[in-house]
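Chain by chain, the residues run as shown.
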Amino acid sequence: FAAQRHVLTYMEDAVSQLLENREDISQYGIARFFTEYFNSVRQGTHILFREFSFVQATPHNRASFLRTFWRCFRTVGKNGGKYSSICCYLLTAQEYHCLLQLLCPDFPMELTQKAARIVLMDDAMDCLMSFSDFLFAFQIQFYYSEFLESVAAIYQDLLAGKNPNTVIVPTSSSGQHRQRQLPNDCSPLDGVEASLFYQCLESLCDRSKYSCPPSALMKEMLSSAQRLTFYGFLMALAKDQGINRALGALPDKGDLFLDPAMDQELEKLVAQVSRLSVSGPSSSSGDAANLPVRNSPRTNSPWKPLHHRRKMDAESEGSNEETDSSEN
């Protein structure tokens, strides 16, 4: 159970955070720190502003990052913008990458480009994409990245007329493995035979130690196709709502722009701001005191920002000293 849930990964990270921020944590106590840390892991907020190596370290971290990205930026697709006449706000791969870096500063551009190619199926990285198209493609590319790397190698082998699944020939005196040669009279544009491709995928899922889409869902997805291309397969994965539900990070496409809890919080905030603006500076302090105060629940955040806060405080103190000296 501990290995399946990657408990050791989180224990090591918690201890690392504890040592890095021990001066701040000493004010609250170690027990409270571990309680808040694992609450943040449970809630999925522990990946905020963390390094990419941690964000992609476990399946739970990846799912949490996908869910956070959707909740933070779903209004990109819900609200209009400079392209609102088309139907929604469209962005380029570079612009989506900037959004990803707001949550993970060192998020690699390569993953963003790979996700964009699933949508665009070419190297035109400056083309515009809707939020929903990019999000579901990004989900597949990010969550199943190791699986897709192996699938790309299998696909290339099949195009070259090889069977990636080696077969032991009983009559061979040496006992060495041979590969069954496949007919290669089809153009690469035609793709590969879907049934053979699925057999290779099934074998890959059986032996892979990384996350893979459910084999039964992939079989159902490929059952109606005779041949398919690599990017056609990736696009089918991204559009398959069964695989999306099995992964469990994002809602169905029809509910992508619905988040009642977040909408309720935003409505309360907008209402408060509206009341403050209506009251204006002419209102008495007594009226302002009668405004309702929203007691929002405290959201647990990783302890990493505490370290940055100390840096910022040190820098601000240094800048004040420089200002004082310049005034003198």
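Cut-offs used in this document
- Residues numbered from 1 in each chain as written.
- Predicted model: local features only at pLDDT ≥ 70, side-chain atom pairs only at ≥ 80, totals over all residues.
- Heavy atoms only, no water.
- Helix = DSSP H or I, 4+ residues; strand = E, 2+ residues; numbered from the N terminus.
- Expected span 1.5 Å × (residues − 1).
- Buried < 20%, exposed > 50% of the residue type's maximum accessible area, 1.4 Å probe, protein only.
- Contact = heavy atoms within 4.5 Å.
- pLDDT = per-residue confidence, 0-100.
- Core = buried A, V, L, I, M, F, W, Y, C linked by side-chain atoms within 4.5 Å.
- Patch = residues over 30% accessible without salt bridge, like charges linked within 9 Å, V, L, I, M, F, W, Y side chains within 5 Å.
- Areas by Shrake-Rupley, 256 points an atom, 1.4 Å probe, with all protein chains shown as cover.
- Salt bridge = Lys/Arg side-chain N within 4 Å of Asp/Glu carboxyl O.
- Axes fitted to C-alpha atoms, helices over the stretch in contact; angles between N-to-C directions.
- Left-handed = near helix turned anticlockwise from the far one by under 90°.
- Nonpolar A, V, L, I, M, F, W, Y, C, P; charged D, E, K, R; others polar.
- Phe/Tyr/Trp six-rings, centres within 6.5 Å; stacked < 30°, edge-to-face > 60°.
- Lys NZ or Arg CZ within 6 Å of the ring centre and 35° of its normal.

A. Summary view of helix H11 (residues 194–207). Look at H11: 20 Å from first C-alpha to last across 14 residues, which is about the 20 Å you get at 1.5 Å a residue. All of the buried residues along H11 are Ala 194, Leu 196, Phe 197, Tyr 198, Cys 200, Leu 201, Leu 204 and Cys 205. If you follow the buried residues of H11, they end up packed against helix H10 (145–159), strand E3 (192–193), helix H12 (215–222), strand E4 (227–228) and helix H13 (230–239).

B. View of the confidence of the model for the protein. Put simply, the protein has an average pLDDT of 79, and 70% of its residues get 70 or more. This stretch, residues 80–87, has a pLDDT under 50; its non-local contacts, to residues over four places away or in other chains, come to 7 contacts. Low pLDDT, under 50, characterises residues 282–312; the predicted model gives this stretch 38 contacts beyond four residues in sequence or across chains.

C. Spatial organisation of helix H8 (residues 109–120). Look at H8: 16 Å from first C-alpha to last across 12 residues, which is about the 16 Å you get at 1.5 Å a residue. Three or more residues of H8 are buried, namely Leu 111, Thr 112, Ala 115, Ala 116, Ile 118, Val 119 and Leu 120. Phi turns positive, to about 60 degrees, at Met 121, one or two residues after H8.

D. Representation of the side chain of Ser 132 in the model. Turning to its location among the elements, Ser 132 is positioned in helix H9 (residues 131–143). Accessibility expressed as a relative area gives 11% for Ser 132, which makes it buried. Apart from the residues lying within four places of it in its own chain, the contact partners of Ser 132 are Lys 253 and Leu 256.

E. Main features of the nonpolar core. By size, the foremost hydrophobic cluster in this structure holds 75 residues, and its most contacted members are Phe 65, Phe 147, Phe 197 and Phe 233. When residues in this core are grouped by element, the largest group, 9 residues, is from H9. For Phe 233, the contacting residues outside a window of four places in its chain are Val 151, Phe 197, Leu 201, Met 218, Met 221, Leu 222 and Leu 228.

F. Local environment of a nonpolar patch on the surface. On the surface, Val 7, Leu 8, Met 11, Val 15 and Leu 19 cluster together into a nonpolar patch covering about 410 Å² of accessible area. For Val 15, the location among the structural elements is in helix H1 (residues 7–20).

G. Fine view of the packing of H10 against H13. Orientation of H10 relative to H13, taken along the N-to-C sense of each, is 145 degrees, at an axis distance of 10 Å. The handedness of the crossing between H10 and H13 comes out as right-handed. Taken together, the residues of H13 that come into contact with H10 (itself represented by Leu 148, Val 151, Ala 152 and Tyr 155) are Phe 230, Phe 233, Leu 234 and Leu 237. Split by residue class, the contact of H10 with H13 holds 8 nonpolar, no polar and no charged.

H. Local environment of unusual backbone geometry. One non-glycine residue, Phe 49, lies in positive phi territory at about 60 degrees. Relative to the helices and strands, Phe 49 is located in the loop between helix H3 (30–43) and helix H4 (52–55).

I. Examining the pattern of salt bridges more closely. Tallied over the entire structure, the rule returns 7 salt bridges. Here Arg 50 makes a salt bridge to Glu 51, at a shortest N to O gap of 3.2 Å. Among the residues examined, Arg 50 registers a relative accessible area of 1% and is labelled buried. Judged by its relative accessible area of 28%, Glu 51 is partly exposed. Lys 253 is paired through a salt bridge with Asp 133; the nearest N and O atoms lie 3.9 Å apart. Of this pair, Lys 253 sits in the loop between helix H14 (241–247) and helix H15 (260–279) while Asp 133 sits in helix H9, and the two are 120 residues apart along the sequence.

J. The arrangement of the environment of Gly 242 in detail. You can see Gly 242 is positioned in helix H14. Given a relative accessible area of 23%, Gly 242 falls into the partly exposed group. For the pair Gly 242 and Leu 217, spaced 25 residues apart in sequence, the C-alpha separation works out to 6.9 Å.

K. Seen up close, the packing of aromatic side chains. Tallied over the entire structure, the rule returns 21 aromatic pairs. A centroid spacing of 5.6 Å and a plane angle of 5 degrees characterise the contact between Phe 65 and Phe 107, whose relative ring orientation is stacked. Placement of the pair is Phe 65 in helix H5 (residues 59–73) and Phe 107 in the loop between helix H7 (93–103) and H8, with a sequence separation of 42 residues. Residue Phe 65 is classed as buried on the basis of its relative accessible area, which comes to 0%. We classify Phe 107 as buried; its relative accessible area is 2%. Put simply, the rings of Phe 52, Phe 65, Phe 69, Phe 73, Tyr 96, Phe 107, Phe 131, Phe 134, Phe 138 and Phe 142 touch in pairs and so form one group of aromatic residues. Geometry around Phe 54 places Arg 50 over its ring, the cationic atom sitting 4.1 Å from the centre.

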